[in-house]
Each structure stands twice: as C-alpha cells, then as structure tokens.
Amino acid sequence: MRPRPTLAISALIASWALSSCGDATNGTSVDTGPRTVTAQVIRAVDGDTILARVDGETEYVRYIGIDTPETVKPDTPVQCFGPQASTFNHHAVEGHDVRLVFDRERRDAYGRLLAYVYLGRDMVNADLVRKGLARTLPFPPNTSHEPLFDRLARRAAVRGRGLWSKC
C-alpha cells in the first residue's frame, strides 16, 4: 500500500500551484521585473495615458490610481474637463524623459504598462489630482499611493479646483 502525502506536502503543492496562476484580483500576473525604468514620452494620448519608448519598445502607459475625463475614447463624448486634463498632460510630459515606477502589477488587461509617472521629482499622477484634473481610481493591487491621491482629491474638491468647480 502506497503512503499518502502528508498535509504539509499537500499544502505546499497547492500553494505552489496557486502562486503560478497570477493575482486573484484580476487574473494578471504580478511582475518581478525592475520597479523603475526611464522612458521617453512620444506623445500624450489623453489625460492619463501616454505613448512612450521603454527599453527600445513603444508602449502605452496608463497612469496608476487616477482617472481623467475622457477625450478620445470611442463612442464616448468628450467629458467635462477632459480637454484641460489632456492639455496639461501634453505640456507636462510630451517629448520628455520620465521615470516610470511600477506597483505590484506591471500591465493591465489591455496590455498597457501601469505606472506612476515622474518628471524629475514630481509625480504627474498626483499633479493631475492636485489640480482637479483627475479623480482617484484605486485598482487593487496597485494602490501604493491611494492615501496620497485621496488626500489630494479631497483638497481639490474643497478648493473647487478643476472638474470640482464645474462638473
């Protein structure tokens, strides 16, 4: 008669199998690459997405933790303060080298890189929220700066900045 595996061995095997399946939050795998890379911004697509040259590849980069009003989404009208958010992003990053800092997951379901985008010492994601050009959009597990974004959004709303003044 063959001996049955112990409970500890069974648990170890189950743990290994589950860890290779990715993150349970949305089915994408947790990234193990470098946490920071430098990228050259080719163009700002809208207020929260850029097209950038990253490690020799052209990549769409979606800003983590925020959402700006739509300006280019198919079958969606231009939203209140969308043009202002897009213009800010164009002026802030287009043609510049930026630092992309990744959180737990590197890509979204659409294949875009997910990053906190820094121009020098300034985080562009935070600047958009601070100016009232973006709302917070926490999307676990990429929530490292959620408390900062929440604080900045509350201040922008209280002060009637950007979309908080008219939308």
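Basis of the calculations
Residues numbered from 1 in each chain as written. Predicted model: local features only at pLDDT ≥ 70, side-chain atom pairs only at ≥ 80, totals over all residues. Heavy atoms only, no water. Helix = DSSP H or I, 4+ residues; strand = E, 2+ residues; numbered from the N terminus. Expected span 1.5 Å × (residues − 1). Buried < 20%, exposed > 50% of the residue type's maximum accessible area, 1.4 Å probe, protein only. Arc of directions from axis to C-beta. Phe/Tyr/Trp six-rings, centres within 6.5 Å; stacked < 30°, edge-to-face > 60°. Lys NZ or Arg CZ within 6 Å of the ring centre and 35° of its normal. Core = buried A, V, L, I, M, F, W, Y, C linked by side-chain atoms within 4.5 Å. Contact = heavy atoms within 4.5 Å. Polar contact = N/O pair within 3.5 Å; in protein donor to acceptor, adjacent residues only side chain to side chain. Disulfide = S-S within 2.5 Å.

Chemist: Residue-level account of helix α4 (residues 146–158), with values.
Modeler: The first and last C-alpha atoms of α4 sit 18 Å apart over 13 residues, in line with the 18 Å expected at 1.5 Å per residue. Within the sequence span of α4, burial applies to Phe149, Leu152, Ala153 and Ala156. Buried residues along α4 cover an arc of 100° about the axis, so they all sit on one side. Exposed and oriented more than 90 degrees from the buried face of α4 are Pro147, Arg154 and Val158. Where α4 ends, the next residue or the one after it, Gly160, has phi of about 65°, a positive value.

Chemist: Got a sec to walk through the packing of aromatic side chains? Specific residues and values, please.
Modeler: For the structure shown, the criterion picks out one aromatic pair. Centroid distance Tyr116 to Phe149: 6.3 Å. Interplanar angle 45°. Geometry classified as tilted. A residue pair is termed long-range when its members are at least 10 positions apart, and Tyr116 in strand β6 (residues 113–119) and Phe149 in helix α4 qualify at 33 residues. Comparing Tyr116 with Phe149, the two get one shared label, buried. Its end group placed over the ring of Tyr118, Arg99 keeps NZ or CZ at 4.4 Å from the ring centre. The lysine or arginine in question, Arg135, covers the ring of Trp164, its NZ or CZ lying 5.2 Å from the ring centre.

Chemist: Lay out the nonpolar core in plain terms, naming residues and giving numbers.
Modeler: Membership of the largest hydrophobic core comes to 37 residues, with the highest contact counts inside it found for Ile50, Val61, Tyr63, Val93, Leu100, Val117 and Leu128. If you list the elements that add at least two residues to this core, you get β1 (36–44), β2 (49–54), β3 (57–63), α2 (82–93), β5 (97–101), β6, α3 (124–130) and α4. Tallying contributions element by element places β6 first for this core, with six residues.

Chemist: I'd like a description of α2, backed by residues and values.
Modeler: Across its 12 residues, α2 extends 17 Å between first and last C-alpha, which sits within 8% of the 16 Å expected from 1.5 Å per residue. Buried within α2 we find Gly82, Ala85, Ser86, Phe88, Asn89, Ala92 and Val93. The buried residues of α2 occupy an angular sector of 160° when projected down its axis, which confines them to one face. Elements in contact with the buried residues of α2: β1, β2, β3, β5, β6 and α3.

Chemist: Residues and numbers for the environment of Tyr116, please.
Modeler: According to the relative accessible area criterion, Tyr116 is buried, its value standing at 2%. Distance from Tyr116 to Asp103, taken between C-alpha atoms, is 8.0 Å for residues 13 residues apart in sequence. In this structure Tyr116 touches Ile64, Arg99, Leu100, Val101, Asp103, Met123, Asn125, Asn142, Thr143, Ser144, His145 and Phe149, once residues within four positions along its chain are discounted. Only 2.6 Å separates the side chain of Tyr116 from the side chain of Asp103, close enough to count as a polar contact.

Chemist: Give a description of unusual backbone geometry that names residues and reports values.
Modeler: That bond from Pro140 to Pro141 is cis: its omega, 10°, falls within 30 degrees of zero. Positive phi, close to 50°, is recorded for Asp55, a residue that is not glycine. Among the secondary structure elements, Asp55 is positioned in the loop between β2 and β3.

Chemist: If you had to explain the state of the cysteines to someone new, which residues and values would you point to?
Modeler: Taken as a whole and assessed by the stated rule, the structure comprises one disulfide. The partner cysteine of Cys80 in its disulfide is Cys167, sulfur to sulfur 1.9 Å. Where Cys80 bonds to Cys167 through sulfur, the torsion about that S-S bond is close to -80°, and the disulfide is left-handed. Of this pair, Cys80 sits in the loop between β4 (66–67) and α2 while Cys167 sits in the segment after α5 (163–166), placing them 87 residues apart in sequence. Accessibility expressed as a relative area gives 39% for Cys80, which makes it partly exposed.

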